[in-house]
Amino acid sequence: MCPNIPSPITSCKYEKWHQEYTFENCKLNRAEYGEFLASYITGEHDGFVLNLNGQWGTGKTQFLRRFYSLLCSKGHPTIYIDAWESDFSDVPLSVVSSELVSQLSKINEGIGDELDDIKNFLGKALKGAVIAGAGMLTKHCLGEASLGVEAAKSMFEKTDEGYLDEVMKNHADQINAIKEIRNHLAQLADVLKQNYKYELPVVVLIDELDRCRPSYSVEMLEVIKHFFTTKNFVFVVATDTEQIKHAICAVYGSEFDSSRYLRRFFHREARLSTPDLKKYIDLMDLKLPEDDDTVILYPVLPSYYVEDTFRTYIYWIVTGFGLDVRAIDQLVAKLNACLRVAIKTYHSTEYTQYINFFTLTIALVEFEMNQESFEARSDTYKALYGKHQFNLSNDILLDNDVVLETNKTTKLSELCPLMQHFAHSYLFDTSNMNLDKGVLSILGSNSKSAIPRVDGKIGETITNSIRDTFSKYSTRDRAKQKVKLWLWKDYKTIVKLAGELE
């Protein structure tokens, strides 16, 4: 009597993903698209291969892991293969075969007997692939794979006629094995449905293919097409399609028609669009200081302009520098690490840390992108205003989400120099700012700079906020209170330490 298996699949290789990766906790708001795509591919039953096309950094891996959890919850046996993890292998067939067998066995331990025939024919196909080569293997693989090396040696010791006979025999065995693998996989799918009450089709998710070496990427596609495209099996291959095209040309030559070649493998293409970065950042775990007097982050925008000043700054900066989801994840992790260090510095020195959050974020991005401007800036201020100093990809307008009182707008390229201005040593004349008359000395430089003019309401508000912060800092400093204002050398030091994090 067959065991009573519940409809959702809970016993599988990546069962932890069922809690960690779901569309309910998806920061990119892709639940609706995930449901749509699941409905679409599970309606295919005649051997179907979908190309999930998304540029690097659009969150393909995050999507596939959530897709895995969704399909398991719907009772579909689902296999996840990270192609990048197995890139060291010379035979993609062995990778897909072993993952298919092991993960299906994990889903149901009682299914082992049903896999014996498939294992047998997979073994024959692997032997043929390693010894004689096949259409999906490039010639350099022969002799490199560990599997069948001794058999290959014995073949080379044969006479020419004997060698040819052996090659022909192995080729015939492989062709027959391909047919039998497809037949037995189709039969296995029926058993999963009838005996174990699972839903069909079985879904195989291939991830990180575009990160693999070109020959391996091409061979993996060939394996899927020739061996596993069969009834009640669906493959979803996540790729940056442009990168895969480059990989194909690297194998077959720059003049090769890679687009036409790819159409041989994929029945349809689904696009993973560029995510809504604003929503993504709003949901990220940004760990800001809880005690107002340990670390003072500035400048702060009034709540009627933005709901969260510092997440808004992150959004402006990542948009301006053209960062993707992965880069944003790394940026926020490094920001959190820097702020933790600042808090510990306060507890060890009792000096309140004054940190310009915008400047810290810019510094992290510049260092990560290896921009010359990061190292070129000296600790004492040198006025090099303009967007070219910061190498922005997009010079965005910052006033779009506020009610404008004037026709002037604030550009990111204007705001960056303003922030940088306040991160250097110079003599600061406060006489025209309605503060105490005289010169405010910030770490005693002999240079003197005017504040960069920034148009628009956002620019005006930020300038006033910085002035207010400096006024409070100056008052505390003159009163001999323990306060520390971060300048460029401080940002550089912490950013270089955080740069060691990956």
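Details of the structure are given in the entry above.
Residues numbered from 1 in each chain as written. Predicted model: local features only at pLDDT ≥ 70, side-chain atom pairs only at ≥ 80, totals over all residues. Heavy atoms only, no water.

1. What about the side chain of Gln371?
Then comes step 1: Following the sequence through the fold, Gln371 ends up in the loop between helix 14 (357-368) and helix 15 (372-376).
Then comes step 2: Residue contacts for Gln371: discarding those within four places in its chain leaves Phe321, Glu366, Phe390 and Asn391. (Helix = DSSP H or I, 4+ residues; strand = E, 2+ residues; numbered from the N terminus. Contact = heavy atoms within 4.5 Å.)

2. Re the nonpolar core
Note on soluble globular proteins: their nonpolar side chains tend to be buried together.
Then comes step 1: Of all hydrophobic cores here, the largest spans 134 residues; its most connected members are Phe67, Phe228, Val236, Trp316, Phe358, Leu360 and Ile462.
Then comes step 2: Beyond its immediate stretch of four places on either side in the chain, Leu360 contacts Leu335, Cys338, Leu339, Ile355, Tyr491, Ile494 and Val495. (Core = buried A, V, L, I, M, F, W, Y, C linked by side-chain atoms within 4.5 Å. Buried < 20%, exposed > 50% of the residue type's maximum accessible area, 1.4 Å probe, protein only.)

3. A few points about the environment of Ala238
Then comes step 1: Looking at the secondary structure, you find Ala238 in strand 4 (residues 233-239).
Then comes step 2: The exposure class assigned to Ala238 is buried, which follows from its relative accessible area of 0%.
Then comes step 3: For the pair Ala238 and Asp207, spaced 31 residues apart in sequence, the C-alpha separation works out to 5.3 Å.
Then comes step 4: Once residues lying within four places of it in the same chain are set aside, the contact partners of Ala238 are Leu52, Lys60, Leu64, Ile206, Asp207, Glu208 and Leu209.

4. A short note on the pattern of salt bridges
Then comes step 1: In this structure the tally under the stated criterion is 18 salt bridges.
Then comes step 2: Where Arg271 meets Glu269, a salt bridge forms, and the shortest distance between an N and an O atom there is 3.4 Å.
Then comes step 3: By relative accessible area, which is 61% here, Arg271 ends up exposed.
Then comes step 4: Across the pair Glu375 and Lys496 runs a salt bridge, and its minimum N-O distance is 3.2 Å. You can see Glu375 sitting in helix 15 and its partner Lys496 sitting in helix 18 (residues 488-498), a full 121 residues away along the chain. (Salt bridge = Lys/Arg side-chain N within 4 Å of Asp/Glu carboxyl O.)

5. A short note on unusual backbone geometry
Then comes step 1: Backbone torsion omega between Leu200 and Pro201 reads 10°, so that peptide bond is classified as cis.
Then comes step 2: Examined against the element boundaries, Pro201 turns out to sit in the loop between helix 7 (160-194) and strand 3 (202-207).
Then comes step 3: A cis amide bond links Tyr298 with the next residue in sequence, Pro299, at an omega value of -10°.
Then comes step 4: Tracing the backbone shows Pro299 in the loop between strand 6 (295-298) and helix 12 (309-321).
Then comes step 5: Its identity as a non-glycine residue notwithstanding, Asn29 has a phi of 55°, on the positive side.
Then comes step 6: Mapped onto the elements, Asn29 comes out in the loop between helix 1 (17-20) and helix 2 (31-41).
Then comes step 7: For Asn370, which is not glycine, the phi torsion reads 55° and is therefore positive.
Then comes step 8: Note on placement: Asn370 falls in the loop between helix 14 and helix 15.
Then comes step 9: Given the relative accessible area of 68%, Asn370 is considered exposed.

6. Topic: the sheet that holds strand 4
Then comes step 1: Overall, parallel pairing links the five strands, which are arranged 2-3-4-1-5 in an open sheet. Two strands lie at the open edges of the sheet, namely strand 2 (78-82) and strand 5 (268-271), each paired on one side alone. For this sheet, the mean angle separating the axes of adjacent strands, direction not counted, is 20°.
Then comes step 2: Inspection of the sheet shows strand 1 (residues 48-53) paired to strand 4 by six bridges, in the parallel sense. Across the sheet, residue Leu50 finds its bridge partner in strand 4, namely Val236.
Then comes step 3: Along the sheet, helix 3 (residues 60-73) contacts strand 1, strand 2, strand 3 and strand 4; its crossing angle with strand 2, the most-contacted strand, is approximately 160°.
Then comes step 4: Relative to the sheet, helix 8 (residues 214-228) contacts strand 1, strand 3 and strand 4, its axis offset from that of strand 4 by approximately 170°. (Pairing = 2+ DSSP bridges. Axes fitted to C-alpha atoms, helices over the stretch in contact; angles between N-to-C directions.)

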